[in-house]
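Here are the chains, one letter per residue:
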Amino acid sequence: MRELVAAYYPWIVLVHLSCAIVFVGAVAFEVLVLEALHARIDIATMGQIEEAVMARVRRFMPIVVLLLFLSGFALFDLRCNGVSCIGTARFGWFLLAKVVLAFAVLGVFVSSIWAGLRGRMNACRFRYTHRIVLALMVGIVFLAKTMFYL
Ligand code: HEM
C-alpha cells in the first residue's frame, strides 16, 4: 500500500494542497469579506445571504474535507513511516501538532454543519465559528510549511 502511495505522491500532495486552498479560502472569504458586509447590509438580508452561503458550502465542502483528510492520512503514513516519526524529531512534533489542529477544525466544521441542518446556526455562532476555524487554519498552514524548514 505504501508503495502505491509513494508512486502517486506528487498527485496526492496536489490533491491535499488543492483541497486545503478551497477549504481555507472559503473560510477566509467568510471572515474577511462576508463579515464586513454586516456594516452595509441590514440584518434580515444578511441572514438570508449567510443562509444561502451555508447551503452552497454544504453541497461541496464535505467532499473537499473528505479528500483533504484522506490525502492527509496517506501523506502522513508515507512521511512518518507509519507513526514512527512522532516524538523523535521536530518534524514529528510539528506534524503531530498540525494533525491535532486539523482534527479540531474537523470537529468545529462537523458541529457547525450539524447545527445548520438542525436550524441552530445563528449569525453570532456563524461569525465566531468561522473566526476560530480561520485561526486554527493559519496555525495548520504555518506548521505544514515550517515542519520542513525549522
Ligand atoms: C484542515 C485540514 C488540513 C489543512 C488545511 C492542511 C494543509 C496542508 C498544507 C497547506 C500542506 C502543505 C502542502 C504543500 O505545500 O506541499 C500540508 C501538508 C501535509 N499535510 Fe495537511 N492539512 C490538513 C489536514 C491534514 C491531516 C488530517 C493530515 C494527516 C492525518 C495531514 C498531513 C499532511 C502531511 C503529511 C503533509 C506533508 C506533505 C508533503 O509535503 O509530503 N494534513 N497540509
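Right, let's walk through the structure included here.

Some details on the overall build of the protein
Piece 1. Check the secondary structure of the protein and you find 5 helices and 0 strands.
Piece 2. Element order for the protein, N to C, with α for helix and β for strand: α-α-α-α-α.
Piece 3. With respect to the principal axes defined by its C-alpha atoms, the protein has extents near 55 × 30 × 25 Å.
Piece 4. Each of the 150 residues in the protein was classed as buried or not, and the buried ones make up 14%.
Piece 5. Put simply, of all contacts in the protein between residues at least 6 apart along the chain, 78% involve residues at least 24 apart.

A word on the environment of Ala102
Piece 1. Note on placement: Ala102 falls in helix α4 (residues 90-117).
Piece 2. Here the alpha-carbon distance between Ala102 and Ala7, two residues 95 residues apart in the chain, equals 25 Å.
Piece 3. Apart from residues lying up to four places away in sequence, Ala102 is in contact with Gly72 and Ile140.

Section: the site of the ligand
Piece 1. Every one of the 21 residues lining the ligand counts as a neighbour, but Ala20, Gly72, Leu75, Ala102 and Ala144 are closest to it.
Piece 2. Broken down by secondary-structure element, the contributors of at least two residues to the shell around the ligand are α2 (9-34), α3 (43-80), α4 and α5 (123-149).
Piece 3. Taken together, the residues of the shell around the ligand break down into 18 nonpolar, 2 polar and 1 charged.

Quick look at α2
Piece 1. Its 26 residues give α2 an end-to-end C-alpha distance of 36 Å, which sits within 8% of 38 Å, the value for a rise of 1.5 Å per residue.
Piece 2. Residues His16, Cys19, Phe23, Val27 and Glu30 constitute the buried set of α2.
Piece 3. The secondary structure elements touched by the buried residues of α2 are α3 and α5.

Side note on the nonpolar core
Piece 1. Within the largest apolar cluster, 11 residues are counted, these being Cys19, Phe23, Val27, Leu68, Leu101, Ala102, Val105, Val133, Leu136, Ile140 and Leu143.
Piece 2. Mapped onto this core, the elements with two or more residues apiece are α2, α4 and α5.
Piece 3. The element that contributes the greatest number of residues to this core is α5, accounting for 4 residues.
Piece 4. When near neighbours in sequence (up to four residues on either side) are disregarded, Val27 contacts His130, Val133, Leu134 and Met137.

Focus: the environment of Leu106
Piece 1. Along the chain, Leu106 falls in helix α4.
Piece 2. Spatially, the C-alpha atom of Leu106 lies 20 Å from that of Glu50, the residues being 56 residues apart in sequence.

Reading the values: the criteria
Residues numbered from 1 in each chain as written. Predicted model: local features only at pLDDT ≥ 70, side-chain atom pairs only at ≥ 80, totals over all residues. Helix = DSSP H or I, 4+ residues; strand = E, 2+ residues; numbered from the N terminus. Buried ≥ 20, exposed ≤ 12 C-beta atoms within 10 Å, placed from the backbone. Contact = placed C-beta atoms within 7 Å. Near = placed C-beta within 6 Å. Nonpolar A, V, L, I, M, F, W, Y, C, P; charged D, E, K, R; others polar. Expected span 1.5 Å × (residues − 1). Core = buried A, V, L, I, M, F, W, Y, C linked by C-beta atoms within 7 Å.

Purely geometric numbers; function is a separate question.
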